[in-house]
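Understanding the architecture of this molecule
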Amino acid sequence: MDIIEQIGEAGIASLAAAFYRRMREDDLVGKMYPPDDWEGAEERFRDFLIFRFGGSQKYIEERGHPRLRMRHLPFKIDSAARDRWMEIMTAALDEENVPSPARESLEEFFAQTADFMRNTPD
Ligand code: HEM
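Treat the numbers as computed from the prediction; the structure is a model and nothing was measured.

So, about the overall build of the protein chain. Counting its regular elements, the protein chain contains six helices and zero strands. Counting from the amino terminus, helix and strand elements in the protein chain follow one another as α-α-α-α-α-α. The principal-axis extents of the C-alpha atoms in the protein chain amount to approximately 40 × 30 × 25 Å. The buried share of the protein chain, reckoned over its 122 residues, is 18%. Look at the contacts in the protein chain between residues 6 or more apart in sequence, and 75% of them connect residues 24 or more apart.

See the structure below:
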């Protein structure tokens, strides 16, 4: 079943909010985010997910093609950073009680994408 159909754009928005509440407190990956633009970072991530799963096109209209790997090159992402990012996302998925099968689809997508973002040897 379609993720947007199952949890709605509102479900994705609350997942992004839960993720950033935790990320703000993180001492490893959290430090990479712009300290004066947490709201903007959350908005970009939320809009990207909504676009990626077939909802509103706002992300593309405002940011263009995602080119995620290129946009992550300024940050040193090794396997420890990837694992921490996934831990925080898993905690957010738990907190939001995202139902199956959206939960499994999202988790697989996040794990693959996070691994693809690695750009620094351990
Ligand atoms: C693997 C560990 C990751 C780290 C350390 C990381 C870190 C970051 C940082 C520091 C930013 C800049 C924040 C901003 O100002 O927007 C960012 C942006 C972003 N990240 Fe990640 N990220 C990771 C994985 C992911 C994954 C797995 C996804 C998608 C599933 C993702 C999607 C995005 C998006 C959509 C943006 C905004 C791109 C834009 O500028 O339009 N990131 N990330």
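This part is about unusual backbone geometry. In this structure, P101 follows S100 across a cis peptide bond, with omega equal to 0°. With respect to the helices and strands, the residue P101 is situated in the loop between α5 (79-96) and α6 (102-116). Of note in this structure, R67 is not a glycine but carries a positive phi near 40°. In this structure, R67 sits in the loop between α3 (58-63) and α4 (68-71). Although it is not a glycine, N97 sits at a positive phi angle of roughly 55°. Mapped onto the secondary structure, N97 falls in the loop between α5 and α6.

Let's shift gears to the nonpolar core. Core analysis: the biggest nonpolar cluster contains 20 residues, and I12, L15, A16, F19 and I88 have the highest contact counts within it. Those elements that provide at least two residues to this core are α1 (3-23), α2 (38-52), α5 and α6. If we skip the residues at most four places from it in the chain, I12 touches I7, R46, L49 and I50.

Bringing the site of the ligand into the picture now. Neighbouring residues of the ligand: 22 residues in total, closest M32, F48, W85, T113 and A114. Those elements giving two or more residues to the shell around the ligand turn out to be α2, α4, α5 and α6. Among the elements that make up the shell around the ligand, the one with the highest residue count is α2 (four residues). Taken together, the residues that form the shell around the ligand break down as 15 nonpolar, two polar and five charged.

Below, the discussion takes up the packing of α1 against α6. Two elements in contact, α1 and α6, have axes separated by 9 Å at closest approach and are oriented at 80°. In terms of axis orientation, α1 runs roughly perpendicular to α6. Only A102, S105 and L106 of α6 make contact with α1, whose side of the interface consists of I3, Q6 and I7.

Reading the values: the criteria
Residues numbered from 1 in each chain as written. Predicted model: local features only at pLDDT ≥ 70, side-chain atom pairs only at ≥ 80, totals over all residues. Helix = DSSP H or I, 4+ residues; strand = E, 2+ residues; numbered from the N terminus. Buried ≥ 20, exposed ≤ 12 C-beta atoms within 10 Å, placed from the backbone. Contact = placed C-beta atoms within 7 Å. Core = buried A, V, L, I, M, F, W, Y, C linked by C-beta atoms within 7 Å. Near = placed C-beta within 6 Å. Nonpolar A, V, L, I, M, F, W, Y, C, P; charged D, E, K, R; others polar. Axes fitted to C-alpha atoms, helices over the stretch in contact; angles between N-to-C directions. Parallel < 35°, antiparallel > 145°, perpendicular 65-115°, else oblique.

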